[in-house]
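# Close look at the chain arrangement
Listed below, chain by chain, are the residues.
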2 protein chains.
Amino acid sequence: MLTLYAFGPGANSMKPLLTLYEKGVAFEHRFLNPANFEHHEPWFKAINPRGQVPALDHDGRIVTESTVICEYVEESFPDPPNLMPADPFGRAQVRVWTKWVDEYFCWCVSTIGWERMIGPMARALSDEEFEDKVKGIPVPEQQVKWRNARKGFAREVLDEEMRKIRVSVAKLEARLAESEWLAGDSYTLADICNFAIANGMQHGFAEVVNADNTPHLLAWIERINERPACKRMFAESRSEMRSADLAKAKAEAEA
Amino acid sequence: MLTLYAFGPGANSMKPLLTLYEKGVAFEHRFLNPANFEHHEPWFKAINPRGQVPALDHDGRIVTESTVICEYVEESFPDPPNLMPADPFGRAQVRVWTKWVDEYFCWCVSTIGWERMIGPMARALSDEEFEDKVKGIPVPEQQVKWRNARKGFAREVLDEEMRKIRVSVAKLEARLAESEWLAGDSYTLADICNFAIANGMQHGFAEVVNADNTPHLLAWIERINERPACKRMFAESRSEMRSADLAKAKAEAEA
């Protein structure tokens, strides 16, 4: 039994989700709705005490951390398609790219995303409701981030994150101008983990990611979107997210 | 040919250094002296454009990022002793621990280390000398860190980093109270990468790491220090660092 707990096909949740679709292994996608703070509920903290998605349950053993889950899936299901190079040097290149996503690229994009989406969500709650939600967050740094998002991040923080976004996008564009895939000749976890953050920037950050500034990055985003596994991921996730919403509405109506 | 460019047996440099000693593979340790800003010199930036150690040259191919180098060494030299578990779940546990070092533990210890050691080093330079050195640093965030270290980090930054150090130490102590090694039954890269940061805290952070507060962490630090590979690493590094200093003094005397 393989169950992925995730928010659906975006950001860190997308990394293992797309990896599982690319590998073609059967799994259940247990969709958590961030707007309902489901990942901070006790039942989920029993699975991941840090209250963070994604988390993978493989026959009762829990693997956490999106990038770690991707390598775990690749190693546990070694049949092709292979998402890691066969040689150690190639694997090292993939890991430099996935590490960069986790330590730099994902954070700047995340802060702007929080400012735009989590901020309004947090401000829609009363002070009491908000404090009650924050109390349920197990990681202190995440509590601080929720509070900052509710207040609105400071201008200089947002400016610095936008600077890092421009640095990140320029780095990806430069690499993709010389290579079809990020870590060499083939599509690997380096592409999946970067795509999980970069996809959507052609809309949300169109002033940075567009046909004039970043033609190679845009072509790479489109190339991955055209992959059968990626299409299936988006189509099936939409219907799963709808079912989860319907089930919740039904439960509430019956309650 | 295997050459490790490193600052010697401490912090991130120690991770691949100790890994190489544990694996027992022949390599050259090319010692760079941070006090001379050697890692920002053009010859080294030709090896790692980011101007950061450690970097590994394996037959002319360069691998960067300390944790990535450790896995690369393990995979390139698969003969025992094995520093990664044989099963994917075990490897995932190691990676969660090494990721935590890279994203949390190493940063808080690093800031305090910079405040104590890099700050005075930077203040010993004239403004002109300092600006000249900073100009040579290729990573903008590192330039900012050097400037902050020279001014002295803000009190609230230091307080927050000390809070994170206490969180980190408590996490290590709790884990080591229940397990001899961090990621399971055997000594792995999880231990090496954490030891690289934790070793020395029994002196530099004796108010946090000591026999009363953290007996299990202290015993683990001592256990690793007693390993033959670790003893050899410290002994040989001392003599290499002395030789490098002598060679430099000789070159200066002849100049």
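## Observations concerning the sheet that holds strand β1 (residues 2–6) of chain A
Residues and elements named next belong to chain A. Pairing in this open sheet of four strands is mixed, and the strands run β2-β1-β3-β4 from one edge to the other. One side of each edge strand has no neighbouring strand; the edge strands of this open sheet are β2 (28–31) and β4 (61–64). Between one strand axis and the next, the sheet turns by 20° as a mean value, whatever way the strands run. Across four bridges, β1 lies against strand β3 (residues 55–58) in antiparallel orientation. Bridge pairing in β3 links T3 to D57. Docked against the sheet, helix α1 (residues 11–23) engages β1, β2 and β3, running at close to 150° with respect to β1.

## Topic: the side chain of T19(B)
Here T19(B) lies in helix α1 (residues 11–23). Not counting chain neighbours up to four residues away, the residues in contact with T19(B) comprise M14(B), C70(B), V73(B), L83(B), L189(B) and I192(B).

## Considering α1(B)
All names here are of chain B. Counted at 1.5 Å a residue, the expected span for α1 with its 13 residues is 18 Å, and the 19 Å between its end C-alpha atoms agrees. Along α1, eleven of the 13 residues are buried, which leaves the element largely enclosed by surrounding structure. For α1, the full list of buried residues reads S13, M14, K15, P16, L17, L18, T19, L20, Y21, E22 and K23. Residue G24 follows α1 closely and has a positive phi angle near 75°.

## Details of the packing of aromatic side chains
When we look at a pair of aromatic rings, we describe it by the centre distance and by the angle of the planes. Under the defined criterion, the tally for this structure stands at 22 aromatic pairs over all chains. Arranged with centres 5.4 Å apart and planes meeting at 85°, the rings of Y21(A) and F27(A) form a pair that is edge-to-face. For Y21(A), a relative accessible area of 7% gives the class buried. Considering the side-chain rings of W114(B) and W146(B), the 5.3 Å spacing of their centres and the 70° angle between planes classify their relative orientation as edge-to-face. One end of the pair, W114(B), is in helix α4 (residues 88–123); the other, W146(B), is in helix α6 (residues 140–151), and 32 residues separate them in sequence. Clustering of aromatic rings is evident, with ring pairs tying together W97(A), W100(A), Y104(A) and F105(A). A cation over an aromatic ring shows up here: R150(B) above the ring of F130(B), its NZ or CZ 4.5 Å from the ring centre. Between R223(B) and the ring centre of W181(B), over which it is positioned, the NZ or CZ distance is 4.9 Å.

## Looking at the interface of chain A and chain B
Across the contact, 27 residues belong to chain A and 27 residues belong to chain B. The contact between chain A and chain B buries some 2300 Å² in all, and 58% of this surface belongs to carbon and sulfur atoms. Across the chain A-chain B interface, the total number found is ten salt bridges. Between D102(A) and K99(B) there is a salt bridge, and its shortest N-O distance comes to 2.5 Å. Viewed at the interface, chain B and chain A are joined by twelve residue pairs in polar contact (both at pLDDT 80 or more). For the side of chain A that touches chain B, the secondary-structure elements that each account for two or more residues are β4, α3 (66–76), α4 (88–123), α6 (140–151) and α7 (155–178) of chain A. Take the side of chain A that touches chain B: its biggest share by element is eleven residues, from α4(A). When grouped by side-chain class, the residues that make up the side of chain A that touches chain B number ten nonpolar, four polar and 13 charged.

## What about the domain arrangement of chain A?
Residue and element names in this part refer to chain A. By domain assignment, chain A separates into domain 1 (2–82 + 229–254) and domain 2 (88–227). Spacing between the C-alpha centres of domain 1 and domain 2 amounts to 19 Å. Between domain 1 and domain 2, the contact holds 26 residues from the first and 25 residues from the second. When domain 1 packs against domain 2, the two sides together hide about 2100 Å² of surface, and 63% of this comes from carbon and sulfur. When the buried area of domain 1 at its contact with domain 2 is split by residue, K15, F37 and H40 rank highest and sum to 25% of it. Counting across the domain 1 and domain 2 interface gives four salt bridges. With its nearest N and O atoms 3.3 Å apart, the salt bridge here joins E226 to K231. Within the residue set of the side of domain 1 that touches domain 2, elements represented by two or more residues are α1, α3 and α11 (228–254). Ranked by residue count, the leading element in the side of domain 1 that touches domain 2 is α1, at seven residues. When the residues that make up the side of domain 1 that touches domain 2 are grouped by side-chain class, the tally is eleven nonpolar, nine polar and six charged.

The rules behind each value
Residues numbered from 1 in each chain as written. Chains lettered and ligands numbered in written order. Predicted model: local features only at pLDDT ≥ 70, side-chain atom pairs only at ≥ 80, totals over all residues. Heavy atoms only, no water. Pairing = 2+ DSSP bridges. Helix = DSSP H or I, 4+ residues; strand = E, 2+ residues; numbered from the N terminus. Axes fitted to C-alpha atoms, helices over the stretch in contact; angles between N-to-C directions. Contact = heavy atoms within 4.5 Å. Expected span 1.5 Å × (residues − 1). Buried < 20%, exposed > 50% of the residue type's maximum accessible area, 1.4 Å probe, protein only. Phe/Tyr/Trp six-rings, centres within 6.5 Å; stacked < 30°, edge-to-face > 60°. Lys NZ or Arg CZ within 6 Å of the ring centre and 35° of its normal. Buried area = accessible area lost by both parts, 1.4 Å probe. Salt bridge = Lys/Arg side-chain N within 4 Å of Asp/Glu carboxyl O. Polar contact = N/O pair within 3.5 Å; in protein donor to acceptor, adjacent residues only side chain to side chain. Nonpolar A, V, L, I, M, F, W, Y, C, P; charged D, E, K, R; others polar. Domains from an automatic or database assignment.

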